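In case you want the letters, here they are:
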Amino acid sequence: MEQMIQIISGIHLHYLRDYFLSIASSHKDNDYYGEHWHIRLIPQEDQIHGILSLPRNHIIFKGNEDIIKFQVNAYRMMFLSAGG
């Protein structure tokens, strides 16, 4: 069954692009494709908090339910940081 999971990410765009390029079998612009999955990366304006500028990116994972769950978990583990 097809599933879609959306995430608003605070990871810098260049790290996301590098990661998705490393797992995709093909890509075009901000769309990354693998077997039975598609990930769309939608850059957003940075969110400003005083002197801090926080990156914001909308990520849409689509495809086979089991594969999408695996891809989302792999994404989260890749960018997991201790203490935050």
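Look up: the structure comes first, before these words.
To continue, consider the environment of Asn64. With respect to the helices and strands, the residue Asn64 is situated in strand β7 (residues 57–64). Along the sequence, Asn64 and Met4 sit 60 residues apart, while their C-alpha atoms lie 8.8 Å from each other. Those residues in contact with Asn64 that sit more than four places away from it in its chain are Met1 and His36.

Here the focus is the side chain of Asp31. Relative to the assigned elements, Asp31 resides in strand β3 (residues 31–34). Within polar-contact distance, the side chain of Asp31 engages the side chain of His38 at 2.8 Å. Ignoring any residue separated from it by four or fewer positions in sequence, one finds Asp31 in contact with Ser26, His38, Ile39 and Arg40.

Any two aromatic rings considered together are summarised by their centre-to-centre distance and by the angle between their planes. Under the definition given, this model contains 7 aromatic pairs. When the centroid spacing of 6.3 Å and the interplanar angle of 15° are considered together, the rings of Phe20 and Tyr75 count as stacked. A residue pair is termed long-range when its members are at least 10 positions apart, and Phe20 in helix α1 (residues 13–23) and Tyr75 in helix α2 (residues 65–79) qualify at 55 residues. For the residue pair Phe20 and Tyr75, the accessibility class agrees, reading buried in each case.

The next point concerns the pattern of salt bridges. This model, assessed by the stated rule, comprises 2 salt bridges. Between Asp31 and Arg40 there is a salt bridge; the shortest N-O distance is 2.7 Å. Given a relative accessible area of 12%, Asp31 falls into the buried group. Accessibility expressed as a relative area gives 36% for Arg40, which makes it partly exposed.

In space, the 5 strands of this open sheet follow the order β1-β7-β4-β3-β2, with antiparallel pairing throughout. The sheet is open, and its two borders are formed by β1 (2–9) and β2 (26–28), each paired with just one other strand. Within the sheet, the average angular offset between the axes of one strand and its neighbour, ignoring direction, is 15°. Along the sheet face, α1 touches β1, β2, β3, β4 (37–43) and β7 and points at about 165° away from the line of β4. Its contacts with the sheet put α2 on β1, β4 and β7, and the angle it makes with β7 is roughly 145°.

What counts and what doesn't
Here the residue numbering is sequential within each chain, running from 1 through the sequence in written order. Reporting in this predicted model follows two pLDDT cut-offs: at least 70 for local features of residues, and 80 or more for side-chain atom pairs to be given and counted; totals over whole chains, interfaces and linings ignore these cut-offs and use all residues. Only hydrogens and water are set aside; all other atoms, that is, all heavy atoms of the structure, feed into the side-chain values. Secondary structure elements are taken from DSSP: a helix is a run of H or I of four residues or more, a strand is a run of E of two residues or more, and numbering for both begins at the N terminus. Two residues qualify as a contact provided that any one of their heavy atoms is within 4.5 Å of a heavy atom in the partner residue. Pairs of N or O atoms are called polar contacts if they sit within 3.5 Å, as long as, within protein, a hydrogen donor faces a hydrogen acceptor (for residues adjacent in sequence, only side-chain-to-side-chain pairs). Stacked, tilted and edge-to-face pairs are distinguished by plane angle, under 30 degrees for stacked and over 60 for edge-to-face with tilted covering the rest, among Phe, Tyr and Trp rings (Trp via its six-membered ring) whose centres lie within 6.5 Å. The rule is simple: take the accessible area with a 1.4 Å probe, protein chains only, and divide by the maximum for that residue type; under 20% is buried, over 50% is exposed, in between is partly exposed. When a carboxyl oxygen of Asp or Glu lies within 4 Å of a side-chain nitrogen of Lys or Arg, that pair is called a salt bridge. DSSP-based pairing: two strands are paired if at least 2 bridges between them are found. In this description, a line fitted to the C-alpha atoms serves as the axis of each element, helices being fitted only across the stretch in contact, and the angle between N-to-C directions of two axes falls anywhere from 0 to 180 degrees.

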